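# Residue-level structural notes
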Amino acid sequence: MSETRKTKFPRESFVSMTELVLPNDTNTFNNLMGGRLMHWMDIVSAIAAQKHSNRHVVTASVDNISFKHPIRLGNVVTLRARVTRAFQSSMEVRIDVDAEDIPAAHKFESNAAYFTFVALDNEGKPTDVPAVVAETPEEAEYYEGALRRRQLRLILAGRMKPSEAAELRSIFDIKES
């Protein structure tokens, strides 16, 4: 096992991507198709995870993606991704999505989600990634919440028993039996 490297909340792991919604990106209501947005979210978050780990990465999980507001044909979409926490070989990445109707001078939040990536070595096996050290209160909030989100993901995937999720139990004040 390699030595764990700690890095500050990696500025190079902040990635921004901008897309223009074209007709082939929309449904019959001229709204951006959800699948197209998820595709863009996967790309921008994978780039952030690769920059953090300096490795090839694969998507391991995607948390709930809720659509606050529809994104329309002709809107400009900005996706921002950042690694919020790194574990052994996995990284949680938060993606925030804004859209803008430039002629109307209207900008709005559309989505936010968390994706999890696993870094792979040259043989395709999981490999250690550097830790993240949060520097701002916002980064610390994302960092602290990442452990709870991870435990919930593992429980839902059947890879952790709820009784083993100490961080989640502490939220609900559940005592060990």
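Basis of the calculations
Residues numbered from 1 in each chain as written. Predicted model: local features only at pLDDT ≥ 70, side-chain atom pairs only at ≥ 80, totals over all residues. Heavy atoms only, no water. UniProt positions renumbered as here; feature names shortened; annotations may be inferred. Core = buried A, V, L, I, M, F, W, Y, C linked by side-chain atoms within 4.5 Å. Buried < 20%, exposed > 50% of the residue type's maximum accessible area, 1.4 Å probe, protein only. Helix = DSSP H or I, 4+ residues; strand = E, 2+ residues; numbered from the N terminus. Contact = heavy atoms within 4.5 Å. Phe/Tyr/Trp six-rings, centres within 6.5 Å; stacked < 30°, edge-to-face > 60°. Lys NZ or Arg CZ within 6 Å of the ring centre and 35° of its normal. Expected span 1.5 Å × (residues − 1). Pairing = 2+ DSSP bridges. Bend = angle between axes of the 7 residues up to and from the residue. Axes fitted to C-alpha atoms, helices over the stretch in contact; angles between N-to-C directions.

The protein has the name Acyl-CoA thioesterase in an unreviewed UniProt entry, where Dawidia cretensis is given as its organism. Recorded in UniProt for the protein, the comment headed Sequence similarities (unreviewed entry) runs: "Belongs to the acyl coenzyme A hydrolase family."

Counting 31 residues, the largest nonpolar core has L37, M41, I71, V77, L79 and M91 as the members making the most contacts within it. It is helix α1 (residues 34–53) that contributes the most residues to this core, seven residues altogether. Sequence-distant contacts of M91, defined by excluding residues within four places in its chain, comprise A49, H52, S53, V57, V83, R85, A86, F115, T116, F117, A119 and V129.

The next subject is the packing of aromatic side chains. All told, the structure shown has one aromatic pair when counted by the stated rule. Ring centres of F115 and F117 lie 6.4 Å apart, and the angle between their planes is 20 degrees; this geometry places the pair in the stacked category. Taken individually, F115 and F117 each receive the classification buried, so the pair is uniform in this respect. Here the basic side chain of R85 rests over the ring of Y143, its NZ or CZ set 4.0 Å away from the ring centre.

Quick look at α1 now. For α1, spanning 20 residues, the distance from its first C-alpha to its last is 28 Å, which sits close to the expected 28 Å at 1.5 Å a residue. Those residues of α1 that fall on the buried side of the exposure criterion are L37, W40, M41, V44, S45, A46, A48, A49, H52 and S53. Positioned one or two residues after α1, N54 has a phi angle of 60 degrees, which is positive.

Most of strand β4 (residues 76–86) sits out of view: nine of its eleven residues are buried. As paired strands, strand β2 (residues 15–20) and β4 are joined by six bridges and run antiparallel to one another. Across the sheet, the residue bridging to T18 is T78, located in β4. Where β4 and strand β5 (residues 90–101) come together, ten bridges link them in antiparallel fashion. Counted as the bridge partner of L79 is V97 from β5. Once β4 ends, the chain turns through three residues before running back antiparallel as β5.

Let us now look at helix α2 (residues 137–156). Between its terminal C-alpha atoms α2 stretches 29 Å, which fits the 28 Å expected from 20 residues at 1.5 Å a residue. Taken as a whole, α2 carries its principal kink of about 30 degrees at A146. Where α2 is concerned, the buried positions are E139, Y142, G145, A146, R149, Q151, R153 and L154. Once α2 ends, the next one or two residues include G158, with phi positive near 75 degrees.

Strand order in the open sheet formed by five strands is β2-β4-β5-β6-β3, with antiparallel pairing between adjacent strands. Strands with a single pairing partner mark the edges of an open sheet, and in this sheet they are β2 and β3 (56–62). Sheet twist, expressed as the average angle between the axes of neighbouring strands with direction ignored, equals 30 degrees. Two strands pair when backbone bridges link them, and β5 and strand β6 (residues 106–120) are joined in this way by twelve bridges, in the antiparallel orientation.

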